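What follows is the residue order along each chain.
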Amino acid sequence: MLGKVNSFGLSGLDGYRVDVEVDVSQGLPRYDIVGLPDASVKESKERVRSAIKNAGFKFPESRITVNLAPASNKKEGPAFDLPIAVAVLSSSKQIQIDESFKDIIIIGELGLDGRVKSVNGILPLLISARDEGFSNFIIPRGNMMEASFLDGINVFALETLQDVSMFLSRAKQFFPIEKNVWKPETGCNFSEDFARVKGQFAAKRAMEIAVAGGHNILLVGPPGSGKTMLAKCVPSLLPELNFEEALEITKIHSVAGVLDAAHGVVKSRPFRSPHHTATTPALTGGGKNAKPGEISLAHNGVLFLDEMPEYQRSTLETLRQPLEDGVITVSRIASTVEYPASFMLVASMNPCPCGNFGSRELDCKCSPSQIDKYLKRLSGPLLDRIDLKIDVDRVKFFDLASESNEEPSSAVRERINAAREIQRQRFKNEKFHTNAKMSSLAVKKFCKIDKQSEELIEAAFEKFKMSARGFNRILKVARTIADLAGEENILAEHVAEAISYRNIENIEL
Ligand SMILES: Nc1ncnc2c1ncn2[C@@H]1O[C@H](COP(=O)(O)OP(=O)(O)O)[C@@H](O)[C@H]1O
Ligand SMILES: [Mg+2]
Ligand SMILES: [Zn+2]
């Protein structure tokens with residue numbers, strides 16, 4: 001007797017339909033699964049067998065063949081336990097699936113006790129299945145929040161194999177989960193806020209510009225100057241998220257298994273700060289299960305690399321392609337998957353190994369060759385992708401001790417939101433939404449400058465021996481400065497300020 005159940009499997013961030021077919025026939029007891037990678041077959045078999053017994057059913061003592069079609073695609077993860085168990089129970093006539101549930105999609109892992117356990121990737125699975133026209137789903141109870149923000153589908157979030165069985169045979173009534181309306185998080189308590197950072201007006205201004213245009217920024221300064229503190233203010237400045245962006249982020253976090261089950265769809269932009277000992281796969285993704293890495297988890301948000309020269313140079317080099325394209329290609333054994341990785345890079349570093357190079361008060365003890373070696377840890381092409389660079393000097397005692405009120409992040413964020421809105425309007429027919437993401441063609445179109453500005457840039461070229469690549473960068477940043485000022489045209493003063501973020505101390509961009 002053949003039992004068939006519909007499920008969905010994950011490939012990257014997309015779901016594909018999987019038919020779970022089970023044949024229970026006479027013969028010596030045997031239990032085979034085809035269509036799963038070798039390693040997971042054994043585990044799945046044991047979980048399904050125990051769950052069926054512990055849920056009060058009988059595991060058929062006959063010949064059982066489970067086929068997960070298409071077999072060419074090796075399925076990953078434990079999410080097929082539940083559909084396999086249902087198909088076994090159906091083919092052994094222990095449950096009678098109601099005709100109306102013929103097309104229901106079943107997804108879930110099983111515990112040995114018959115409990116339905118949460119799985120990774122529910123959101124992308126549901127979205128793909130909905131796109132293919134499926135509208136009824138059984139998912140684990142633990143994944144309920146994640147599913148609750150999607151329209152146009154009926155989702156039953158069940159807790160045990162018994163419940164699933166009673167539901168499918170209509171022995172007991174269950175109700176679809178209630179829909180939640182997604183709202184971005186506002187006014188929450190961030191770990192740091194500009195209000196607590198005394199002085200540092202230049203650095204704060206540069207950060208405002210960076211966040212407003214989505215530009216990568218590098219903070220350079222001696223230890224204790226507040227670089228880490230400033231960078232940690234970024235979450236409090238980030239512009240509001242929209243639902244579409246939130247879904248993109250959630251898909252990635254869901255597949256990576258780092259989603260907060262209580263929240264479901266994320267409500268604020270990610271701020272990821274991987275430690276400098278992070279391996280390349282941890283940063284870019286990959287490894288055994290080709291999970292998304294930190295740069296994908298930072299999608300639509302921020303990747304913060306504190307003390308950037310401390311990271312493995314080879315690891316930093318892998319950031320070049322995603323910084324350019326906004327996606328990362330992750331290889332796996334038989335294929336490759338692509339994960340989005342469009343993030344803003346915030347990085348910090350000391351100007352030299354001792355940290356005092358260029359300081360007004362303290363002496364640098366490093367030799368020129370030591371400094372050179374230190375800076376060489378960051379390659380030119382990587383630095384070339386950073387739009388703004390700012391010197392952060394130790395704050396003066398006078399500023400630190402002052403009782404004056406600093407402008408809070410919330411006020412800065414309002415200006416940032418306004419500048420983002422201008423960009424959204426300007427780029428409404430484009431594939432990108434921020435100034436930082438303009439191609440050189442788009443720069444030509446959107447960043448026209450007057451004669452005076454042209455002369456300024458020309459002088460900067462001469463003076464700083466700037467590369468031609470720096471040109472577009474200056475124009476993009478000038479565009480953001482103009483947007484913050486609410487100016488339609490880029491003025492000479494905007495260009496002059498943009499130039500000032502290009503060349504500081506000993507690091508050439
Ligand atoms: N401008 C400032 N306003 C208030 N506190 C500051 C400021 N700069 C530094 N600090 C204090 O000094 C500490 C060390 O700063 P930190 O951000 O770790 O420096 P860095 O990362 O540059 O080494 C901070 O946690 C903060 O308490
Ligand atoms: Mg620090
Ligand atoms: Zn030094």
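Refer to the preceding data block for the structure.
Enquirer: Kindly report on the overall build of the protein, identifying the contributing residues and their values.
Expert: Each helix and strand in the protein was counted, giving 21 helices and 18 strands. With the C-alpha coordinates aligned to their principal axes, the bounding extent of the protein is approximately 85 × 45 × 45 Å. Expressed as a percentage of its 509 residues, the buried residues of the protein come to 51%. Long-range pairs, those at least 24 residues apart, make up 73% of the contacts in the protein with a sequence separation of at least 6. About 23400 Å² of surface is accessible on the protein, with carbon and sulfur atoms providing 50% of the total. Measuring between centres, the 65 positive side-chain charges of the protein sit 4 Å from its 66 negative side-chain charges.

Enquirer: Tell me about the packing of helix α2 (residues 81-91) against helix α5 (residues 161-168), residues and numbers included.
Expert: The contact between α2 and α5 brings their axes to 11 Å, and the two run at 55°. With respect to their mutual orientation, α2 and α5 come out oblique. Regarding α2 and α5, the two cross each other, and that crossing is right-handed. For the pair α2 and α5, contact is made by Leu82, Ala85, Val86 and Leu89 and by Leu161, Val164 and Leu168, respectively. When grouped by side-chain class, the residues that make up the contact of α2 with α5 number seven nonpolar, no polar and no charged.

Enquirer: I'd love a proper account of the coordination of the zinc ion (ligand 3), names of residues and values included.
Expert: All of the protein donors around the zinc ion (ligand 3) are Cys352 (SG), Cys354 (SG), Cys364 (SG) and Cys366 (SG); their distances to the metal are 2.1 to 2.4 Å. Linear spacing of the donor residues for the zinc ion (ligand 3) on their chain is C-x1-C-x9-C-x1-C. One end of the pair, cysteine 354, is in the loop between β17 (344-349) and α14 (368-376); the other, cysteine 366, is in the loop between β17 and α14, and twelve residues separate them in sequence. Cysteine 354 sits in the partly exposed class, given a relative accessible area of 26%. For cysteine 366, a relative accessible area of 15% gives the class buried.

Rules used throughout
Per chain, residue numbering runs from 1 following the sequence as it is written. In the order they appear in the text, chains get letters beginning with A and ligands get numbers beginning with 1. Local features in this predicted model are restricted to residues of pLDDT 70 or higher, and side-chain atom pairs are both shown and tallied only at a pLDDT of 80 or more, whereas totals for entire chains, interfaces and linings draw on every residue. Note that the side-chain values use all heavy atoms of the structure and ignore hydrogens as well as water. Counting from the N terminus, the helices are DSSP H or I runs at least four residues long and the strands are E runs at least two residues long. Relative accessible area decides the class of each residue, using a 1.4 Å probe on protein chains only: under 20% of the type maximum gives buried, over 50% gives exposed, and in between gives partly exposed. What makes two residues a contact is simply this: any of their non-hydrogen atoms within 4.5 Å. The method behind every accessible area is Shrake-Rupley, applied with a 1.4 Å probe, and residues are considered shielded solely by the protein chains displayed. None of His or the chain ends enter the tally, which takes Lys and Arg as positive and Asp and Glu as negative. Note on charges: their place is set at NZ of Lys, CZ of Arg, CG of Asp or CD of Glu. Interaxial angles span 0 to 180 degrees and are taken between N-to-C directions of axes, which are lines fitted to C-alpha atoms, for helices over the stretch in contact. To sort the angles, those under 35 degrees are grouped as roughly parallel, those over 145 as roughly antiparallel, those from 65 to 115 as roughly perpendicular, and the leftovers as oblique. Crossing handedness follows the turn of the near helix against the far one: under a right angle anticlockwise gives a left-handed crossing, and clockwise gives a right-handed one. Each residue is assigned to one of three groups, with Ala, Val, Leu, Ile, Met, Phe, Trp, Tyr, Cys and Pro labelled nonpolar, Asp, Glu, Lys and Arg labelled charged, and all others, Gly among them, labelled polar. For Na, K and Ca the donor cutoff is 3.2 Å, while for all other metals N, O and S atoms count as donors only within 2.8 Å; water does not appear among the atoms, so some sites may look incomplete.

Honestly, that's just the spatial picture; any functional story needs more than this.
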